[in-house]
Amino acid sequence: MSNPVLIIGAGVAGMTAAVELADSGIKTILVERQETVGGNALDLYKAFPTDDCFYCFEGNRWRPGIRKCFYRSALTDQPNISLRMNSEIGDISGAPDQFSVKLKVGPGYVNPKKCTMCGLCLEKSEAFRLLSPQCQPQAVVYDPTKADDGAKQAEEECPTKAINLGAQPTEETVQVSDIVIATGYHEMQPVNVDEYNYGKHPNIITQLELAKIIDPIGESGGVPVRPSDGKPAKRVMMVQCVGSRDENYYPYCSKICCIFALKHANILTQERDDVKVSVVYMDIRTYDRYERYYRESRNTGVEFVRGRVSLIEPRKDDTLDITVYDSLLDKYLKFSVDLFVLSSALEPSEGTDKLIETLGIKSTSGFVGMVDPASENEVVVGDHIYACGAALGPAEVPESVTQARAVVSKILQSRK
Amino acid sequence: MAETEESTGPPATLIDPIEMSKLDTKFREEIHSMPNGEELSACFACSTCTAACPIANIWKYKPHQLIRMILLGMRDEVLSSDEIWLCLTCFQCQERCPQKVRVTDIFFDCKNLAAEEGKVPPNIVGLGKELLEKGQLYTVTADWEREDMGLEPDVPGLSVDGLRNILKETRTSKLVDGDK
Ligand SMILES: Cc1cc2nc3c(=O)[nH]c(=O)nc-3n(C[C@H](O)[C@H](O)[C@H](O)COP(=O)(O)OP(=O)(O)OC[C@H]3O[C@@H](n4cnc5c(N)ncnc54)[C@H](O)[C@@H]3O)c2cc1C
Ligand code: SF4
Ligand code: SF4
Ligand code: SF4
Ligand code: SF4
């Protein structure tokens, strides 16, 4: 029997690859370094291109028939998938088709097969947290740095005996036939882009931070609020291409930030009360069918200013005075806003460079690069090594899923 | 990044920006609600209209900028601009606009709004006056041309009295009188 397939990263791309391989009878090992699967998509409330809410997917726990299930519920139940949470990849040796990979598996403080999410431990100690109602595995997580007496009590009183505070990290070496890199992206923290003052004022945030604020399951119930005082934000300004298309940071266009900025602008103007949104841009790149978002946002009164920000002046009442050069009018405009949102570049996940080096594969602007850029096999990045989703560069969910399926198809063909 | 007091001293730079809070945010709605304004907000500032315009080269504000100023709420600037009156109403901009913005018609709307506020350039008022008094804008003067062609000196059947009477009751007359 063939060795299993190793999939690194349990975001949308990794989960799709794992479940579809598993459903085809192939054993997979899915390694995720976080405490919950789902990756970046977990923090998004509504998703383009269909504007469906990401959560309904999880609400449907029963897999068959779900139109856009992210396969989360399958991960712990599908016998062909072995999920390694809190885990990282160590040394990789051996030849293609028989790689030997060292896994550093994090301590399993809470057994997801036993936890019923009853909430008892959450009341006993701050060390326990429920990351999100639709987290997968469906279990609370434990942070050992916050250990206290309450945690010990919870360990004793947990009705299902799911807690083991003495759990230790382990190491194991696995033999795998193929490696699928699905390590996704990271939203750049634009602390170094001086002109935007990110990190120096609480009301200057990134799009991913805004996504969390306007999420209905978030603290404010989806009301856009200012981090400085929790008061509703009435005037929001976004600025595009922060760190992207900039030779000082990332030369490429992050491809989807125009779309998600407009998605957010539309949510704010159409579904929230009385919010005014301005977008400062160089080009609006809503490729393909996404032009609809651009037209819709103009219709709903989103204000577009072609130009760049010249000056940000914080006021005592936590508002920001922002002067923008409008290159179409050749005039400077001065706005007063509550929230300033940066559409920051999407960069490779931390550790991607090391993975590329260890595997001896190509890199494209820091992301995983395909073996032959002239070929149409964009998911083939080495001999028995594949990549899918945002690990290959900024991508939306549908594209990530399509690439994951391409990987599955390649692996199935190779095993015929 | 130092905090600024509510009353700032001299600006830190030589930039003297337009205060957005002082603009008329309702202007956009005003134009939008007029018969030609439906597609106003669809404008994405591509400047096709300006590229099409045979005369904008000599204008301070180009057609795409005027539309942009309407969207931003620069009511006074737009309604007192010369450009809306200099427009040849050739409709080239409107024909070509990829977002179906009725540029020329919107400038008509602007002219109507400006006129209501008495913001009509004197030469335009002069034309109105001419029309009221003579019942026509261009009176036949070069009689020799008619003569050369063997025509009688007066245009037969031309009667401007009726028109003059009608015009007296129109807003054109109020505009001209208001100017007196
Ligand atoms: C603000 C914002 C809004 C968006 N809105 C939409 C939208 O509406 N619709 C849409 O289609 N797309 C949207 N996207 C894009 C969407 O987030 C991505 O397409 C999608 O998350 C990509 O999935 P992925 O699995 O490739 O990567 P990720 O979601 O990044 O998942 C990668 C996973 O791999 C793990 N990982 C990384 N490195 C390692 C490692 N070395 N070892 C182990 N695990 C590792 C990570 O922890 C993570 O769980 C948005 C993005 C942003 C920033
Ligand atoms: S007490 Fe036990 S079962 Fe309840 S949420 Fe905590 S770990 Fe899960
Ligand atoms: S998608 Fe838009 S905001 Fe993002 S880098 Fe490209 S042009 Fe800039
Ligand atoms: S052509 Fe139309 S869309 Fe383009 S700038 Fe002019 S009015 Fe706007
Ligand atoms: S209608 Fe007026 S603005 Fe439009 S192209 Fe003609 S002259 Fe220019």
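Residues numbered from 1 in each chain as written. Chains lettered and ligands numbered in written order. Predicted model: local features only at pLDDT ≥ 70, side-chain atom pairs only at ≥ 80, totals over all residues. Heavy atoms only, no water.

## Points about the overall build of chain B
The following threshold applies: Each helix corresponds to a stretch of at least 4 residues labelled H or I by DSSP, and each strand to a stretch of at least 2 residues labelled E; elements are numbered beginning at the N terminus. In this scheme, a residue with accessible area under 20% of its type's maximum is buried, one over 50% is exposed, and one in between is partly exposed, where area comes from a 1.4 Å probe on protein chains only. Residues are treated as being in contact if the distance between any of their heavy atoms lies within 4.5 Å. Each accessible area is a Shrake-Rupley result for a 1.4 Å probe, and residues are judged covered by the shown protein chains and nothing else. A residue counts as positive if it is Lys or Arg and as negative if it is Asp or Glu; His and the chain ends are not included. Each charge is placed at NZ for Lys, CZ for Arg, CG for Asp and CD for Glu.
Along chain B, the regular secondary structure elements total 11 helices and 1 strand. Shown N-terminal to C-terminal, the secondary structure of chain B runs as helices and strands in the order β-α-α-α-α-α-α-α-α-α-α-α. Principal-axis analysis of the C-alpha atoms places the extent of chain B at approximately 85 × 40 × 30 Å. In chain B, which comprises 180 residues, the share counted as buried stands at 40%. If you take every contact in chain B between residues at least 6 apart in sequence, the share linking residues at least 24 apart comes to 66%. Of the roughly 11,000 Å² that chain B leaves accessible, carbon and sulfur atoms contribute 53%. Once the 20 positive and 31 negative side-chain charges of chain B are each reduced to a mean point, those two points are 2 Å apart.

## Points about the nonpolar core
What counts is decided by this rule: Among the buried residues, those of types Ala, Val, Leu, Ile, Met, Phe, Trp, Tyr and Cys that are joined through side-chain atoms within 4.5 Å form a nonpolar core.
In this structure, I322 and F340 of chain A together with I31 and I67 of chain B are the most contacted members of the largest nonpolar core, which totals 63 residues. With 7 residues, the single largest contributor to this core is helix α7 (residues 103-116) of chain B. Residues within four places of I31 of chain B in sequence aside, it is in contact with G37, L40, I70, I106, C110 and L113 of chain B. In terms of nonpolar packing, the next biggest core, distinct from the first, is built from 52 residues, A17, V174, A391 and V407 of chain A among them.

## Brief notes about the interface of chain B and chain A
Quick note on the threshold: Accessible area, probed at 1.4 Å, shrinks when two parts are joined; the buried area is that loss added up over both. A carboxyl oxygen of Asp or Glu within 4 Å of a side-chain nitrogen of Lys or Arg is what we treat as a salt bridge.
If you look at the interface, chain B gives 27 residues, while chain A gives 29 residues. With both sides pooled, the region where chain B packs onto chain A buries about 2,700 Å², and carbon together with sulfur makes up 54% of that total. Seen at the junction of chain B and chain A, the total is 3 salt bridges. Between E19 of chain B and K334 of chain A there is a salt bridge; the shortest N-O distance is 3.8 Å.

## So, the packing of helix α3 (residues 63-72) of chain B against α7 of chain B
Residues and elements named next belong to chain B. Where we set the bar: All axes here are fitted lines through C-alpha atoms, helices being fitted over the stretch that makes contact, and every angle between N-to-C directions spans 0 to 180 degrees. For classification, angles of less than 35 degrees are called roughly parallel, those exceeding 145 degrees roughly antiparallel, those between 65 and 115 degrees roughly perpendicular, and all remaining angles oblique. Crossing handedness is read from the near helix: turned anticlockwise from the far helix by less than a right angle, it gives a left-handed crossing, and turned clockwise, a right-handed one. Charged residues are taken to be Asp, Glu, Lys and Arg, nonpolar residues to be Ala, Val, Leu, Ile, Met, Phe, Trp, Tyr, Cys and Pro, and polar residues to be all remaining types, Gly included.
It is at 11 Å that the axes of α3 and α7 come closest, and there the two elements cross at 55°. Taken together, the axes of α3 and α7 are oblique relative to one another. Both α3 and α7 take part in a crossing whose hand is left-handed. Across from P63, L66, I67 and I70 in α3, the residues of α7 making contact are V103, I106, F107 and C110. A class-by-class count of the residues in the contact of α3 with α7 yields 8 nonpolar, no polar and no charged.

## A word on the domain arrangement of chain B
Which entries qualify depends on this criterion: All the domain ranges listed were derived from an automatic or database domain assignment.
Domains assigned within chain B are domain 1 (22-116) and domain 2 (122-179). Spacing between the C-alpha centres of domain 1 of chain B and domain 2 of chain B amounts to 30 Å.

## Some details on the site of ligand 5
All names here are of chain B. Note the threshold: One heavy atom within 4 Å of a molecule or strand is enough for the residue carrying it to be called near that molecule or strand.
If you check the shell around ligand 5, you find 14 residues, and the closest are C53, C87, C90, F91 and C93. For the shell around ligand 5, the secondary structure elements donating two or more residues are α6 (92-96) and α7. Counted by class, the shell around ligand 5 contains 11 nonpolar, 3 polar and no charged residues.

## Some details on the sheet that holds strand β6 (residues 87-95) of chain A
All names here are of chain A. Using the following cut-off: One requirement defines pairing of two strands: DSSP has to find at least two bridges between them.
One open sheet accounts for 3 strands, arranged β6-β7-β10; its pairing is antiparallel. With one partner strand each, in any of the chains shown, β6 and β10 (170-176) form the two edges of the open sheet. Averaged over all pairs of adjacent strands, the angle between their axes in this sheet comes to 20°, without regard to strand direction. Here β6 pairs with strand β7 (residues 98-105) via 7 bridges, running antiparallel. Each residue of the ladder has a partner; that of G94, found in β7, is F99.

## Examining a negative patch on the surface
Worth spelling out the cut-off: Patches draw on residues past 30% relative accessible area with no salt bridge. Two like charges within 9 Å are joined, as are two nonpolar side chains (Val, Leu, Ile, Met, Phe, Trp, Tyr) within 5 Å.
There is a patch of like negative charges on the surface, built from D143, E145, E147, D148, E152 and D154 of chain B. Secondary-structure assignment places D148 of chain B in helix α9 (residues 143-148).

## Brief notes about the pattern of salt bridges
Counted under the stated rule, the structure contains 30 salt bridges over all chains. Put simply, E303 of chain A and K276 of chain A hold a salt bridge, and the shortest N to O gap is 3.7 Å. In this pair, E303 of chain A is assigned in strand β16 (residues 303-314) and K276 of chain A in strand β15 (residues 276-281), connecting sequence segments 27 residues apart. According to the relative accessible area criterion, E303 of chain A is buried, its value standing at 7%. One salt-bridge network, held together by shared partners, links D24, E30, R75, D76, E117 and K119 of chain B.

## So, the pairing of strand β14 (residues 235-242) of chain A
All names here are of chain A. Quick reminder of the rule: If the strands point away from the viewer and the path from the first strand over the helix to the second runs clockwise, then the crossover is right-handed.
Of all 8 residues in β14, 7 are buried, a share of seventy percent or more. Inspection of the sheet shows β14 paired to β15 by 5 bridges, in the parallel sense. Bridge pairing in β15 links M237 to S278. One crossover worth recording links β14 to the parallel β15 by way of helix α7 (residues 257-271), and it is right-handed. Pairing between β14 and strand β19 (residues 339-344): 5 bridges, direction parallel. Following the sheet pairing, M238 is matched in β19 by V341.

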